[in-house]
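Examination of the molecular architecture
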Amino acid sequence: MKHWFECQLNKHKPWIETSYHGVITENNDTVILDPPLVALDKDAPVPFAGEICAFKIHGQELPFEAVVLNKTSGEGRLRAKSPIDCELQKEYTFIIQAYDCGTGPRETAWKKSHKAVVHIQVKDVNEFAPTFKEPAYKAIVTEGKIYDSILQVEAIDEDCSPQYSQICNYEIVTTDVPFAIDRNGNVRNTEKLSYDKQHQYEILVTAYDCGQKPAAQDTLVQVDVKPVCKPGWQDWTKRIEYQPGSGSVPLFPSIHLETCDGAVSSIQITTELQTNYIGKGCDRETYSEKSLQKLCGASSGIIDLLPSPSAATNWTTGLLVDSSEMIFKFDGRQGAKVPDGVVPKNLTDQFTITMWMKHGPSPGVRAEKETILCNSDKTEMNRHHYALYVHNCRLVFLLRKDFDQADTFRPAEFHWKLDQICDKEWHYYVINVEFPVVTLYMDGATYEPYLVTNDWPIHPSHIAMQLTVGACWQGGEVTKPRFAQFFHGSLASLTIRPGKMDSQKVISCLQACKEGLDINSLESLGQGIKYHFNPSQSVLVMEGDDIGNINRALQKVSYINSRQFPTAGVRRLKVSSKVQCFGEDVCISIPDMDAYVMVLQAVEPQITLHGTDRFWRPAAQFESTRGVILFPDIKIVSTFAKAEAPSDLKTTAPKSAVLEEMLHNLDFCDILVLGGDLDPRQECLELNHSELHQRHLDATNSTAGYSIYGVGSMSRYEQVLRHIRYRNWRPASLESRRFRIKCSELNGRYTSNEFNLEVNVLHEVRVSDIEHVNHLIAQPPFLQSVHHPESQTSIQHSSVVPSIATVVIIISVCMLVFVVAMGVYRIRIAHQHFIQETEAAKEAEMDWDDSALTITVNPMEKHGAPGRGEEETEEEEEEEEAEEDLSSSSSESEGSDEEEEEGSGRGRHGQSGAKKAQLEWDDSTLPY
């Protein structure tokens, strides 16, 4: 009966849709269903029977649950019980049924709906970034090709949806590289690659998924460029650094030739060191021309026509000059007059002209003569006696003899036609004249004139001649004398040596370079290598038939610079090759190789002169034949600053500089007279010529000072300077003389400090004047009264001496004592200093002539009868005290003091009777 009743109340089953489609976003719990989850029951609105109490999902371990939101309306919701991950499962399908509430609250007699299918798709979130399958990719390409695809990179994405799991784009991150990449990851080159330009490329590539999320980490793509086999030199560096003093440094220690399997039968290599822009064509010593001539063993008598501008050689003052190399530049508007007397008027039949010249093509169609050296009439006429000039790239030497030397038709003009005259490069020219033969040496090679023209001798006249450089003086046939035939170019070391000729050895030495190419270990070159140097060693030619031997030979080619202080800068190198092949019509071609040597800056020396800078000498020594040695202890030291690294590596303090001594040559030292020139009537500077000759130095002497020149070591210059003497045979009016020394290396490139010396004259001192002053000081009468044993009145009386007068007298006496003491002390010290210096210089000590001494006895020291009063005794005691004070103040020797005290003692004891007390003078300790 009860069951029937329940059935009557709950007659219908709930109703739901037959299928549902839902979407859930991963990591979210809400499912959006279509249609919405709603159950209907026809029993409504009957309580319980018409209400929906539950939705049940059928399936195993499903992460979803269905809940009833409203029992009456039957509305429900499907939700996730745990986070949904699309990457684990993209969709779910399960069965759902709705249940009504039955007939009562006890959940009895529930009826369920039919089964509905629920299909849920999980919506993806772009939570994963693309990753590349490989951390790095590598490919090798051949230079000179364009590739469609060099390699392919590939990235993946772990997201589940096609939108976020697919890679939509690749991109090259590295900028300025000749590569591109497509959306499929194919890398290609956009231009032809060159191995010489770059051996390897490293580029970074990133990937983007379709949600435009970039890869978490870029991948590295390495592309190696493989060279096309091209014949040429391999494994060499373009820049070679040269540290001064390094000796011979290999240029290409690892070089080898790549022939690409070519059938090479022989190869010739020419290595050229290009130094034509350094100084006068290469790095040469920058000493003065006189010093260079002496170094090369040339005979004396050279006359420098283009010397450094100075007070004595002022005719080059107005010329354009490069002081570092003593190069004179002539712009076609300048000339210099050489003063009369510099060059002898008669050069005889033998003489030599030398010069460095750089000259280019002459401007204009018909070029004028460009005078280098010209000796012409100073006035009235315009005759050229001898001249050296350039005309249309020909060097011409003119020599016109006088009628008193020759009266026949004689050779007068000598012509040389050489390409080097107008190639704008430095060349060394020597014109050796041994009349009637004239020979030209250029860069050490001999050239005979291609044309010699004759002329009549010049008629004798009284007209003076003018020697000029850079132009010719036109003194006649014009309204106003002027320069003409100007030179365009550069000249250096223009000299003339009358009466003598230069030998081939001297000429080669004068034009020799101090830098060049060298070969280390000639004996290891091998028998199959032939080599040849040009005279200046700037070009080396090697030839061989074995590639291995050629490689080893070129590896031994080196650069050397023998100068201690070379000219810093670039030296260009060029290596060219010629190849012959076995019976091949077409042989391989080897490209030229261009490199350069960078000569670094040498350390700069600091030359220091030091020694005694002030001393005194007796007047008699200035009058002696030996005179006074000025620099007995002069010392020349050269140092350079060397950076020293700090001992503590962790410290950031700057490096400290340490001075180290270095040895090098000097080329001149000048001793200048300060305070006016020397008066040749009473004073001079002297030096034995043997001191110079044995040390291979020369010197010039004038009233302005003494100049020692020539390339020599610092010790040689020290020895010579220590023998410079000063004489003055009238020293009575002379109080002192001052001198200054300054030395140089490399023609003034490095100079020393200015060392100043003051020499003082000690005039004769009369002993009687000193003794007289001593006795006056010893017996001041106003002091004697203080010692009298008087009564209180007497004491008061003696103390009542006028105060002002007492003070004045005391001060005067003290000043007198001080002046005399300082005078005697100064004489004493000067004498001791003189003895030390004369011993150091190993000179004999001068004997003092005491015949001129005048000894005066103070009449107050006459010894009376034995019964002298107490006052006299006290007076003598005060005299002794005053003399002892004076003696101690003037630093007299103890023996001298004892002799004076003994003499006084004998007088006081009456040993001399009625005879005057005489002083016994010891001239061995007399201060000068």
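Above this text is the structure in question.
So, here's what we can say about the structure. Bear in mind that the values here come from a model prediction, so they are computed numbers and not experimental data.

Turning to helix 8 (residues 714-721), a few remarks are in order. Of the residues making up helix 8, those classed as buried are Met-714, Tyr-717, Glu-718, Val-720 and Leu-721. Along helix 8, the residues classed as buried sweep out an arc of 165 degrees about the axis, all on the same side.

Take the pattern of salt bridges next. With the rule as written, the count across this model stands at 19 salt bridges. Glu-154 is the salt-bridge partner of Lys-133, the closest N and O atoms lying 2.9 Å from each other. Taken together, the residues span a long stretch of sequence, with Lys-133 in the loop between strand 8 (131-132) and strand 9 (136-142) and Glu-154 in the loop between strand 10 (151-152) and strand 11 (155-156) at a distance of 21 residues. On the basis of relative accessible area, Glu-154 is assigned to the partly exposed category, the value being 37%. A single salt-bridge network, built from bridges that share partners, covers Lys-635, Glu-718 and Arg-722.

What follows covers unusual backbone geometry. Residue Asp-34 is joined to Pro-35 through a cis peptide bond whose omega torsion reads -5 degrees. In this structure, Pro-35 sits in the loop between strand 2 (31-34) and strand 3 (52-58). In the Ramachandran plot, Asp-176 falls in the positive-phi region, its phi being about 55 degrees despite a non-glycine side chain. Tracing the backbone through its elements, the reader meets Asp-176 in the loop between strand 12 (167-172) and strand 13 (179-181). At Leu-746, a position not held by glycine, the phi torsion is positive, near 60 degrees. Within the secondary structure, Leu-746 sits in the loop between strand 55 (736-745) and strand 56 (750-751).

Across the 9 residues of strand 31 (residues 426-434), 8 count as buried, placing the element largely inside the fold. Where strand 31 and strand 32 (residues 437-442) come together, 6 bridges link them in antiparallel fashion. Its bridge partner lying in strand 32, Val-433 is registered against Val-438. Connecting strand 31 to the antiparallel partner strand 32 that follows it, the hairpin turn spans 2 residues.

All chains considered together, the criterion is met by 17 aromatic pairs. Judged by centre distance (5.1 Å) and plane angle (80 degrees), the ring pair of Phe-64 and Tyr-92 falls under edge-to-face. Pair noted here: Phe-64 is in strand 4 (residues 64-70) and Tyr-92 is in strand 6 (residues 91-100), with a separation of 28 residues, a long-range link. The exposure classification of Phe-64 matches that of Tyr-92, with both residues buried. These aromatic residues form a ring-pair network of at least three members: Phe-64, Tyr-92 and Phe-94. The cationic tip of Lys-56 hangs over the ring face of Tyr-99; the distance from NZ or CZ to the ring centre is 4.7 Å. The ring of Trp-473 carries Lys-337 above its face, with NZ or CZ at 3.7 Å from the centroid.

A few words now on the sheet that holds strand 21 (residues 264-274). Ordered in space as 18-44-43-21-41-40, the 6 strands form an open sheet in which the pairing is mixed. Every interior strand has two partners, whereas the edge strands, strand 18 (239-242) and strand 40 (530-533), have only one. Here the average twist between neighbouring strands, direction ignored, is 20 degrees. In the sheet, strand 40 pairs with strand 41 (residues 539-544) via 4 bridges, with the strands oriented antiparallel. Looking at the pairing, His-532 lines up with Val-541 of strand 41. Contacting strand 21 and strand 41, helix 5 (residues 547-555) runs over the sheet at an angle of about 10 degrees to strand 21.

Quick look at the environment of Pro-457 now. Following the sequence through the fold, Pro-457 ends up in the loop between strand 34 (451-455) and strand 35 (465-469). Between the C-alpha atoms of Pro-457 and Leu-399, which are 58 residues apart in sequence, the distance is 9.5 Å.

What follows concerns the state of the cysteines. Taken as a whole and judged by the stated rule, the model has 10 disulfides. The disulfide bridge from Cys-86 ends at Cys-160, spanning 1.6 Å between sulfur atoms. In this structure, the disulfide formed by Cys-86 and Cys-160 twists by about 100 degrees around the S-S bond and is classed as right-handed. In this pair, Cys-86 sits in the loop between strand 5 (75-80) and strand 6 while Cys-160 sits in the loop between strand 11 and helix 2 (162-165), placing the two residues 74 residues apart along the sequence. Residue class for Cys-86 comes out buried when judged on its relative accessible area of 2%. Judged by its relative accessible area of 9%, Cys-160 is buried. There is a disulfide in this structure between Cys-282 and Cys-513, and the S-S distance comes to 1.8 Å. What sets the handedness of the Cys-282 and Cys-513 disulfide is the S-S torsion sign, and at about -105 degrees it is left-handed. Remark: Cys-513 occurs in the loop between helix 4 (504-510) and strand 39 (515-519) and Cys-282 occurs in the loop between strand 21 and helix 3 (289-295); sequence separation between them is 231 residues. Since its relative accessible area comes to 3%, Cys-282 is described here as buried.

What follows covers the nonpolar core. Core analysis: the largest hydrophobic core is formed by 56 residues, its most contacted members being Phe-631, Ile-671, Leu-685 and Ile-708. Not counting the four nearest positions on each side in its chain, Leu-685 is found in contact with Leu-630, Ile-671, Val-673, Leu-678, Asn-701, Gly-705, Tyr-706, Ile-724, Arg-725, Tyr-726 and Phe-739. Leu-319, Leu-373, Leu-399 and Ile-496 belong to the second-largest nonpolar core, a separate cluster that totals 42 residues.

What counts, and at which threshold
Residues numbered from 1 in each chain as written. Predicted model: local features only at pLDDT ≥ 70, side-chain atom pairs only at ≥ 80, totals over all residues. Heavy atoms only, no water. Buried < 20%, exposed > 50% of the residue type's maximum accessible area, 1.4 Å probe, protein only. Helix = DSSP H or I, 4+ residues; strand = E, 2+ residues; numbered from the N terminus. Arc of directions from axis to C-beta. Salt bridge = Lys/Arg side-chain N within 4 Å of Asp/Glu carboxyl O. Pairing = 2+ DSSP bridges. Phe/Tyr/Trp six-rings, centres within 6.5 Å; stacked < 30°, edge-to-face > 60°. Lys NZ or Arg CZ within 6 Å of the ring centre and 35° of its normal. Axes fitted to C-alpha atoms, helices over the stretch in contact; angles between N-to-C directions. Contact = heavy atoms within 4.5 Å. Disulfide = S-S within 2.5 Å. Core = buried A, V, L, I, M, F, W, Y, C linked by side-chain atoms within 4.5 Å.

Remember that the coordinates give geometry; whether it matters functionally is a separate question.
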